[in-house]
Amino acid sequence: MNGIAWAIVICEILFWVFIVSGLVARYIGKKETLGLVLFAMTPLVDLALLGLTGYDMYRGSTATMAHGIAAIYIGVSIAYGKSMIRWADDQFCFYILKTKKKPAKKTGLAFAKHDFVNWLRHLLAFMIGAGLLLILTIFVGNAERTEAFGQLIRVWSLVVGLDLLITLSYFIWPRPNRHTA
């Protein structure tokens, strides 16, 4: 695994360390401000990854899938970050603190609308990630060294399109309410 791939793994671990630490500080340590500071560290992890990727490309590296995945990671982290923190908060309160009920599973039109909001987040993640890849392509100024970025954008475009089709299918064929006895 190359250095950028390791950086992605480390950044993902750090992201969740900051989230869990923020939840522990907020709820168990009763340190609301410290919890917010720890949550605020997550975008800094993204900036560090972006800096490492840019520096590696500046040093003359040829773009790899790992470089592209770094841009995807940053786009996803920015687009989904707040909702991931909210999800982790809800899970922490339910499983650890036992202070919240488990959220009911969405069905029907409510699920379709929720999934459409998530698709909009996916589209935002794509726009951020593809934008970063285009910026890196311009920054490097060498089409041969950044060829992997164009391929990744094409594949990700297809994934976003398929995700939209799946999302729209929930409006046509709503997710049923399955009661378990």
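Each residue is numbered by its place in its chain's sequence as written, counting from 1. Totals for whole chains, interfaces and linings use all residues, but because this is a predicted model, local features are given only for residues with pLDDT of at least 70 and pairs of side-chain atoms are given and counted only at 80 or more. Computation of side-chain values: all heavy atoms of the structure, hydrogens and water removed.

K.L.:
I keep staring at the nonpolar core and nothing clicks. Help me out?
P.N.:
Soluble globular proteins: nonpolar side chains tend toward being buried together. The criterion is simple. A nonpolar core is a set of buried Ala, Val, Leu, Ile, Met, Phe, Trp, Tyr and Cys residues joined through side-chain atoms within 4.5 Å. Burial classification: accessible surface area is computed with a 1.4 Å probe over protein chains only, and a residue below 20% of its type maximum counts as buried, one above 50% as exposed, and the rest as partly exposed. In this structure, Ile19, Leu49 and Tyr73 are the most contacted members of the largest nonpolar core, which totals 40 residues. Put simply, the parts of the chain that give this core at least two residues each are helix H1 (3-28), helix H2 (32-58), helix H3 (65-97), helix H4 (108-140) and helix H5 (147-172). By definition in these notes, contact holds between two residues if any of their heavy atoms fall within 4.5 Å. Residue contacts for Tyr73: discarding those within four places in its chain leaves Cys11, Glu12, Phe15, Val45, Asp46 and Leu49. Numbering goes from the N terminus for both helices and strands, where a helix is a DSSP run of H or I of at least four residues and a strand is a run of E of at least two.

K.L.:
Before we go on, may I ask you to explain a positive patch on the surface in this structure?
P.N.:
Taken together, the side chains of Lys102, Lys105, Arg175 and Arg178 define a basic patch exposed on the protein surface. Tracing the backbone through its elements, the reader meets Lys102 in the loop between H3 and H4. Two distance rules govern patches: like charges are joined within 9 Å, and nonpolar side chains (Val, Leu, Ile, Met, Phe, Trp, Tyr) within 5 Å, applied only to residues with over 30% relative accessible area and no salt bridge. Using a 1.4 Å probe, the Shrake-Rupley method yields the accessible areas, and only the shown protein chains count as cover for residues. Whenever Lys or Arg places a side-chain nitrogen within 4 Å of a carboxyl oxygen from Asp or Glu, that contact is recorded as a salt bridge. Note on charges: Lys and Arg go in the positive column, Asp and Glu in the negative column, and His and the chain ends are not counted at all. For the purpose of locating charges, the reference atoms are NZ of Lys, CZ of Arg, CG of Asp and CD of Glu.

K.L.:
Would you mind going over the layout of surface pockets with me for this structure?
P.N.:
To find leftover empty space, one rolls a probe the size of a water molecule over the atoms. For the largest pocket, the calculated volume is near 710 Å³. We place a 1 Å grid over just the protein atoms. Points where a 1.4 Å probe fits but has no way out form a cavity, open points with protein on both sides within 12 Å along at least 5 of 7 lines form a pocket, and any residue with an atom within 4 Å of a point lines it. Taken together, 18 residues form the lining of the largest pocket, with Trp87, Gln91, Pro103, Lys106 and His114 sitting closest to its centre. Every element with two or more residues in the lining of the largest pocket is listed here: H3 and H4. Per-element accounting of the lining of the largest pocket gives the leading share, seven residues, to H3. A per-class count over the lining of the largest pocket returns seven nonpolar, four polar and seven charged. Grid points are joined across faces, edges and corners, and a volume is the space filled by probe spheres set on the points. Three categories are distinguished: nonpolar for Ala, Val, Leu, Ile, Met, Phe, Trp, Tyr, Cys and Pro, charged for Asp, Glu, Lys and Arg, and polar for the others, with Gly belonging to the last.

K.L.:
Looking at this structure, how should I read unusual backbone geometry?
P.N.:
Most peptide bonds adopt trans geometry, and most residues besides glycine take a negative phi value. Of note in the backbone geometry, Lys30 takes a positive phi value of approximately 55° without being a glycine. Among the residues examined, Lys30 registers a relative accessible area of 67% and is labelled exposed. Backbone geometry at Lys98 places phi at a positive 60°, although glycine is not the residue there. With respect to the element layout, Lys98 can be found in the loop between H3 and H4. A residue is classified by how much of its surface remains accessible, and Lys98, at 63% relative accessible area, is exposed.

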